[in-house]
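Structure assessment
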Amino acid sequence: GTRACLHTLRGSGGFDRGMSRFALLTDAQWELIAPHLPCSDGLPGRPFRDSRQVVDGIIYRYRTGVAWRDLPEVFGPWQTVWKRHNRYAHDGTWDRVLTVLIAEADARGIVDWTVSVDSTINRAHQHATNTTRDTGGPAELQQSGHRAA
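Residues numbered from 1 in each chain as written. Predicted model: local features only at pLDDT ≥ 70, side-chain atom pairs only at ≥ 80, totals over all residues. Heavy atoms only, no water.

**Looking at the nonpolar core**
Going by this rule: By convention a nonpolar core is built from buried Ala, Val, Leu, Ile, Met, Phe, Trp, Tyr and Cys residues, the set being connected through side-chain atoms within 4.5 Å. Exposure is judged per residue with a 1.4 Å probe applied to protein chains only, and the accessible area is read against the type maximum: over 50% gives exposed, under 20% gives buried, and values in between give partly exposed. Only DSSP runs of H or I reaching four residues or more are called helices, and only runs of E reaching two or more are called strands; each is numbered from the N terminus.
Listed in full, the nine residues of the largest apolar core are Phe 22, Leu 24, Val 54, Ile 58, Tyr 60, Trp 68, Leu 71, Phe 75 and Val 81. The element that contributes the greatest number of residues to this core is helix H2 (residues 51-64), accounting for three residues. Within the second largest apolar cluster, eight residues are counted, among which are Ala 34, Leu 37, Val 55 and Tyr 88.

**A short note on helix H4 (residues 93-107)**
Side chains three or four residues apart in an α-helix point the same way, a direct result of the helix having 3.6 residues per turn. For the record, the criterion: Every helix has an expected span of 1.5 Å times one less than the residues it contains. Working definition: the arc comes from the directions between the helix axis and the C-beta atoms, pointing outward to the latter. It only takes one pair of heavy atoms within 4.5 Å for two residues to be counted as in contact.
Helix length check: H4 (15 residues) gives 21 Å between terminal C-alpha atoms against 21 Å at 1.5 Å per residue, within 8%. Looking at H4, one finds that the buried residues are Thr 93, Val 97 and Ala 105. All buried residues of H4 fall inside an arc of 95° around its axis, so they share one side. In H4, the exposed positions angled more than 90 degrees off the buried face are occupied by Asp 95, Thr 99 and Ala 107. The secondary structure elements touched by the buried residues of H4 are helix H1 (27-33) and helix H3 (78-91). Directly beyond the C-terminal end of H4, a positive phi value near 80° is found at Gly 109.

**Thoughts on the packing of aromatic side chains**
By convention here, two paired aromatic rings are described through the distance between centres and the angle between planes. The test is simple: Between rings of Phe, Tyr and Trp, where Trp is taken as its six-membered ring, a pair exists when centres lie within 6.5 Å; planes separated by under 30 degrees are stacked, by over 60 edge-to-face, and by other angles tilted. The rule for a charge over a ring is simple: NZ of Lys or CZ of Arg within 6 Å of the ring centre, and within 35 degrees of the ring normal.
In the structure shown here, the tally under the stated rule is three aromatic pairs. For the ring pair Tyr 60 and Phe 75, a centre distance of 5.2 Å and an interplane angle of 40° mean the geometry is tilted. Of this pair, Tyr 60 sits in helix H2 while Phe 75 sits in the loop between H2 and H3, placing them 15 residues apart in sequence. The two residues Tyr 60 and Phe 75 agree in class, both being buried. Each ring, one from Tyr 88 and one from Trp 94, has its centre 5.2 Å from the other, and the planes form 80°; the classification is edge-to-face. Looking at Tyr 88, the relative accessible area reads 1%, which means it is buried. Cation over ring: Arg 61 sits above Tyr 62, and NZ or CZ is 5.0 Å from the ring centre.

**A few points about the packing of H3 against H4**
Worth spelling out the cut-off: Angles shown run from 0 to 180 degrees and are taken between the N-to-C directions of axes, each axis being a line fitted to C-alpha atoms and, for helices, limited to the stretch in contact. Angles are sorted into four bins: roughly parallel if under 35 degrees, roughly antiparallel if over 145, roughly perpendicular if 65 to 115, and oblique for all others. Residue polarity follows a fixed list, in which Ala, Val, Leu, Ile, Met, Phe, Trp, Tyr, Cys and Pro are nonpolar, Asp, Glu, Lys and Arg are charged, and the others, Gly among them, are polar.
Where H3 contacts H4, the two axes come as close as 4 Å, and the packing angle between them is 70°. It follows from the interaxial angle that H3 and H4 lie roughly perpendicular. Taking contact as the criterion, the partners of His 85, Tyr 88, Ala 89 and Asp 91 in H3 are, on H4, Thr 93, Trp 94 and Arg 96. Split by residue class, the contact of H3 with H4 holds three nonpolar, two polar and two charged.

**A closer look at the environment of Leu 101**
Tracing the backbone shows Leu 101 in helix H4. For Leu 101 and Leu 32, which are 69 residues apart along the polypeptide, the C-alpha to C-alpha distance reads 7.4 Å. Those residues in contact with Leu 101, other than ones at most four positions away along the chain, are Leu 32 and Ile 33.

So, to be careful, I would describe these as geometric facts and stop short of saying anything about function.
Here you go:
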């Protein structure tokens, strides 16, 4: 399993959370997410960059639609943000975070499980489909050729 570790921005080259347009998660939101993210404590190699800064960078990228390379430097190197997002996507971290958040919200009664099904039917012209139809093809041509002869 993964071990949770809460990181702070002090001394990490981060930004002032209260005054920055780049601080996307509130402290309360971060406290819900942080325990479910992998931690580098006790692992060989360089410690992870501040997870909150990286997750804010991932959120910023998806909210704005900027290319990874165009992430503001306040989130750290774009390569780090991309690699962490890619790792979390492939190792199931994002799925686990979502599952836990939904379960916690459901336990508090703040999830509305009402489902709406739309039964609208839209008809398309027969030529609007991408399916093929057997129109007889060459057989029609052969039959019409016999008639002409």
